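# Analysis of the macromolecular model
Each chain, letter by letter, is given below.
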Amino acid sequence: MRKLIVSLIVLAVLLAVVDRVAVAGAEREIARQVQSAYDLSEPPSVDIKGFPFLTQAVSGRYEEIGVGIGPISREGIELSSIDATLYGVTAPLADLIQNASKTQIRAEHVTGTAVISRETLSARAPRGIRVEGDGGDTLKVSGDVTVLGRTVPVTASLKIEVVPGAVRLTPADVKIAGGLSVPNVAKHIGFTVPVKNLPLNLKITKVKSTPQGLAIQGEATDVPLH
């Protein structure tokens, strides 16, 4: 009996080791394919959820995979990070073993969040305007604008709006030193940030302000990883 118990323990340990080795190999392959498919300078981090891995591998379906990308640049905008979750990923084990480079890996559904830093937003803003995040539904800005040849301090909130392929930031609650009235104030403070061609085919669904800048949430369906 004792030998049987020892043998079972050894077998369990071996299976656990094999499971972890297998999952590491699968994660490397998925990272390689995502990097190639979406023209990333470095392979993303990949974390296949669930244990044991081998039961998922045998079925060729992975219920949840975490992917971390960044920093990257899209349409001249620096994204400090993209954290995504892939659901319902199909990758037949036999195909991965026989010809991994040609295996068609797809995800049924993907959700993700891309972060645009305050520094990137300030670089995109009109000259003299600095962007501050407060974690609420708006961004705060401050700086100087030139009105009728005079430079005056200004503060405002920016309303965040999702438009096709971009995020529009429109000034509200504008306060100008000296109580001056500035015509067409949006021209001096508001701006648009292009957000296109995100990895994993993510499309914007929501944007919110964070202390780091803007967190852009997106979704996609039937996403190829090859």
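Since the model is a prediction, treat every value here as computed from it, not as a measurement.

Our next topic: the overall build of the protein. What the protein contains, in helices and strands, is five helices and 13 strands. The buried share of the protein, taken over its 226 residues, is 41%. Sequence separation of 24 or more characterises 53% of the internal contacts of the protein that already satisfy a separation of 6 or more. For the protein, the accessible surface area stands at approximately 12,400 Å², while carbon and sulfur atoms represent 55% of it.

Glancing now at unusual backbone geometry. For aspartate 39, which is not a glycine, the phi torsion comes out positive at approximately 50 degrees. Tracing the chain through its elements places aspartate 39 in the loop between α1 (2–37) and β1 (45–48). Given the relative accessible area of 64%, aspartate 39 is considered exposed. Even without being glycine, asparagine 197 reaches a positive phi, approximately 55 degrees.

A few words now on the pairing of strand β5 (residues 81–90). Bridge count between strand β2 (residues 61–69) and β5: eight bridges; the pairing is antiparallel. Within the sheet, the bridge partner assigned to isoleucine 69 lies in β5 and is isoleucine 82.

Bringing the sheet that holds β2 into the picture now. Pairing within the open sheet is antiparallel, and its six strands lie in the order β1-β2-β5-β6-β13-β12. Of all strands in the sheet, those with a lone pairing partner are β1 and β12 (203–210), marking the two edges. On average, adjacent strands in this sheet sit at an angle of 15 degrees to one another, irrespective of strand direction. As judged from the nine bridges shared by β5 and strand β6 (residues 106–117), these two strands associate in the antiparallel manner. Across the sheet, the residue bridging to serine 81 is valine 115, located in β6.

A word on the nonpolar core. In this structure, Ile65, Leu86, Val110, Ile116, Leu169, Leu200 and Leu214 are the most contacted members of the largest nonpolar core, which totals 53 residues. If you tally residues by element for this core, the top one is strand β9 (residues 150–163), at five residues. Setting aside residues up to four positions removed in sequence, isoleucine 116 forms contacts with Ile77, Glu78, Leu79, Leu121, Val193, Val195, Gln212, Gly213, Leu214 and Ile216.

With that out of the way, let us pick up the environment of threonine 155. With respect to the helices and strands, threonine 155 occurs in strand β9. The class of threonine 155 is partly exposed, set by a relative accessible area of 38%. Residues threonine 155 and glycine 143, spaced 12 residues apart in sequence, show a C-alpha to C-alpha distance of 6.7 Å. Aside from chain neighbours lying at most four places away, what touches threonine 155 is Val141, Ser142, Asp173, Val174 and Lys175.

We now examine the environment of aspartate 83. Structurally, the position occupied by aspartate 83 is in strand β5. In this structure the C-alpha to C-alpha distance between aspartate 83 and alanine 114, which are 31 residues apart in sequence, comes to 6.6 Å. If near-sequence neighbours (up to four positions away) are discounted, aspartate 83 is found in contact with Val67, Gly68, Thr111, Gly112 and Thr113.

Conventions adopted
- All residue numbers refer to positions counted from 1 along the written sequence of the respective chain.
- In keeping with the predicted nature of the model, local features appear solely for residues at pLDDT of at least 70, side-chain atom pairs appear and are counted solely at 80 or more, and the whole-chain, interface and lining totals rest on all residues.
- To obtain the side-chain values, all non-hydrogen atoms of the structure were used and water was disregarded.
- Helix and strand labels come from DSSP, where a helix needs a run of H or I of at least four residues and a strand needs a run of E of at least two; each type is numbered from the N terminus.
- Relative accessibility under 20% of the residue-type maximum defines a buried residue, over 50% an exposed one, and the middle range a partly exposed one, all with a 1.4 Å probe and only protein chains included.
- We call two residues in contact whenever any of their non-hydrogen atoms come within 4.5 Å of each other.
- Per-residue and other accessible areas follow the Shrake-Rupley method at a 1.4 Å probe size, with only the shown protein chains counted as cover for residues.
- DSSP-based pairing: two strands are paired if at least 2 bridges between them are found.
- Every axis corresponds to a line fitted to the C-alpha atoms, with the helix fit spanning only the stretch in contact, and the corresponding angles, defined between N-to-C directions, vary from 0 to 180 degrees.
- For this analysis, a nonpolar core means a set of buried residues of the types Ala, Val, Leu, Ile, Met, Phe, Trp, Tyr and Cys, connected via side-chain atoms within 4.5 Å.

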